[in-house]
Amino acid sequence: MRVDIFDYDLPIEKIASSPARPRDSSRLLDLTEGKTADRTILDLPNILQPNDLLVINDTRVIPSSLNGFKNNAKIQINLHKHIENGVWAAFARPAKRLNRGDKIFFNNNFGATVRSREAAEVILDFETDDQVLLQELHTTGNMPLPPYIKRSTRSDIEADKTDYQSIFAKHPGAVAAPTASLHFTRSLINKIKMRGINQTNVTLHVGAGTFLPVTVSDSIDHSMHSEWAELNNYSVSLIKKTKKNGGRIVALGTTALRVLETAAINGDLETFNGETDLFITPGFTFNVVDLLITNFHQPRSTLLMLVAALAGTTRILEAYDHAKNNDYRFLSYGDACLIENMNKI
């Protein structure tokens, strides 16, 4: 498909630089049942139905943004994919200063060796195991905010350590947050449970590639980044039971949706453990998801294409116009929308 179909004007003042406080005061654009209704995330327990199943990504964001030095030159590193024990792929800036064998130091006792470089990507060997590396990252690293959010004060940087982490975070490995989850509080989850709405978890370690723009003119030429994901047997059984009993599968975020649809790509939902590079565009057949809770996405992005596949391209672009005209907040720290799978209507 032509990528420019998914372009729209996004004024910088519409992009949220901090989350709603409290989290569950976020707004929710309800696009279900053919309507466009302005609500809040606190309305979810009444919008969803008893026996629906909320599917949550339980990945934990690691502080994978590092400021280092090669000799006296400053080097900014953003880890984006785990390769093997103690070894990560990363985006470096300026990458042209780095060559194979170079050492980058992040503090006196913590550094990495460049194994290879291709364009802006480097492979870094931290020469330690994953557990020790994670401890070092928590001491030295910062949260990997998307590039459109700028930070200038230490207090803002510290606040992001909790703001950019969902209450469901369990398994460390993501270098970007599953942002739809950031709207949820324990109080909201309790209300959802009291309504008779069940929940289960999947894991997808979100990669920094989620922020990469689509630079080609046709989506067929775009190379989708891969991310590690897992769907276990318990969740598969609960999803199948929910569908059998007439309940709906509600994906909390595009990452949860991509795990489910990857695991059911052949039509029947199965357990999954491995890499997924599933690229969803209009015309895709959804086998699992009935509803999606998600934020408002960047122009020309793979995520905008995904929601257009679920709701219809015209429908989603009209909804985005409504959101802009009604002061919704966009992108990672922004507001949410609830989208219905129009392929099943």
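Residues numbered from 1 in each chain as written. Predicted model: local features only at pLDDT ≥ 70, side-chain atom pairs only at ≥ 80, totals over all residues. Heavy atoms only, no water.

(A) The arrangement of the overall build of the protein in detail. Scanning the protein from terminus to terminus reveals eight helices and 17 strands. For a compact globule of 345 residues, the expected C-alpha radius of gyration is about 20 Å, and the protein comes in at 20 Å, within 12% of that figure. Dimensions of the protein along its principal axes, counting C-alpha atoms only, are 60 × 45 × 40 Å. Going through the 345 residues of the protein one by one, you find that 55% of them count as buried. Relative to all contacts within the protein whose residues are 6 or more apart in sequence, the contacts with residues 24 or more apart total 73%. Carbon and sulfur atoms make up 46% of the accessible area of the protein, which totals about 15500 Å². Taking the 38 positively charged and 39 negatively charged side chains of the protein as two groups, their mean positions are separated by 4 Å. (Helix = DSSP H or I, 4+ residues; strand = E, 2+ residues; numbered from the N terminus. Rg over C-alpha atoms; globule rule 2.2 N^0.38 Å. Buried < 20%, exposed > 50% of the residue type's maximum accessible area, 1.4 Å probe, protein only. Contact = heavy atoms within 4.5 Å. Areas by Shrake-Rupley, 256 points an atom, 1.4 Å probe, with all protein chains shown as cover. Lys, Arg positive; Asp, Glu negative; His and termini not counted. Charge placed at Lys NZ, Arg CZ, Asp CG, Glu CD.)

(B) Quick peek at the environment of Thr276. Following the sequence through the fold, Thr276 ends up in strand S15 (residues 272-276). Judged by relative accessible area, Thr276 falls into the buried class, the value being 3%. Contacts of Thr276, omitting those with residues within four sequence positions, involve Leu204, His225, Ser226, Glu227, Ala229, Arg258 and Thr262. Within the structure, Thr276 has its side chain in polar contact with the backbone nitrogen of Leu278 (distance 3.3 Å). (Polar contact = N/O pair within 3.5 Å; in protein donor to acceptor, adjacent residues only side chain to side chain.)

(C) Structural context of the sheet that holds strand S16 (residues 291-295). Pairing in this open sheet of nine strands is mixed, and the strands run S2-S1-S17-S16-S14-S3-S12-S13-S15 from one edge to the other. Each edge of the open sheet is held by one strand with a lone partner, namely strand S2 (37-40) and S15. Each adjacent strand pair in this sheet contributes to an overall mean axis angle of 25°, direction not counted. On the sheet, helix H6 (residues 254-263) packs against strand S3 (53-57), strand S12 (198-204), strand S13 (227-231), strand S14 (249-252), S15 and S16 and is oriented at approximately 85° with respect to S12. (Pairing = 2+ DSSP bridges. Axes fitted to C-alpha atoms, helices over the stretch in contact; angles between N-to-C directions.)

(D) Representation of the nonpolar core. In this structure, Tyr164, Leu231, Leu257, Leu260, Ile316 and Phe330 are the most contacted members of the largest nonpolar core, which totals 63 residues. Examining the composition of this core, we find that eight residues originate from one element, helix H7 (residues 302-311), more than from any other. Core analysis: the next-biggest nonpolar cluster, separate from the first, contains 22 residues, Ile75, Leu79, Phe106 and Phe110 among them. (Core = buried A, V, L, I, M, F, W, Y, C linked by side-chain atoms within 4.5 Å.)

(E) Here's a closer look at H6. Counting buried positions along H6 yields 10 of 10 residues, so the element is predominantly enclosed. The set of residues buried in H6 consists of Thr254, Thr255, Ala256, Leu257, Arg258, Val259, Leu260, Glu261, Thr262 and Ala263.

(F) Structural context of the packing of H7 against helix H8 (residues 313-325). Viewed as axis vectors pointing N to C, H7 and H8 meet at an angle of 115°, and their least axial separation amounts to 7 Å. H7 and H8 meet at a crossing whose hand is right-handed. Residue-level inspection shows Leu304, Val307, Ala308 and Ala311 of H7 in contact with H8, the latter providing Thr313, Arg315, Ile316 and Tyr320. (Left-handed = near helix turned anticlockwise from the far one by under 90°.)

(G) Just the pattern of salt bridges, in detail. Applying the stated rule across the entire model yields 20 salt bridges. Here Lys103 and Glu127 are joined by a salt bridge, their closest N and O atoms 3.4 Å apart. Of this pair, Lys103 sits in strand S8 (residues 103-107) while Glu127 is found in the loop between strand S10 (121-125) and helix H2 (130-140), placing the two residues 24 residues apart along the sequence. Residues Glu158 and Arg154 are paired through a salt bridge, measuring 3.3 Å at the closest nitrogen-oxygen approach. (Salt bridge = Lys/Arg side-chain N within 4 Å of Asp/Glu carboxyl O.)

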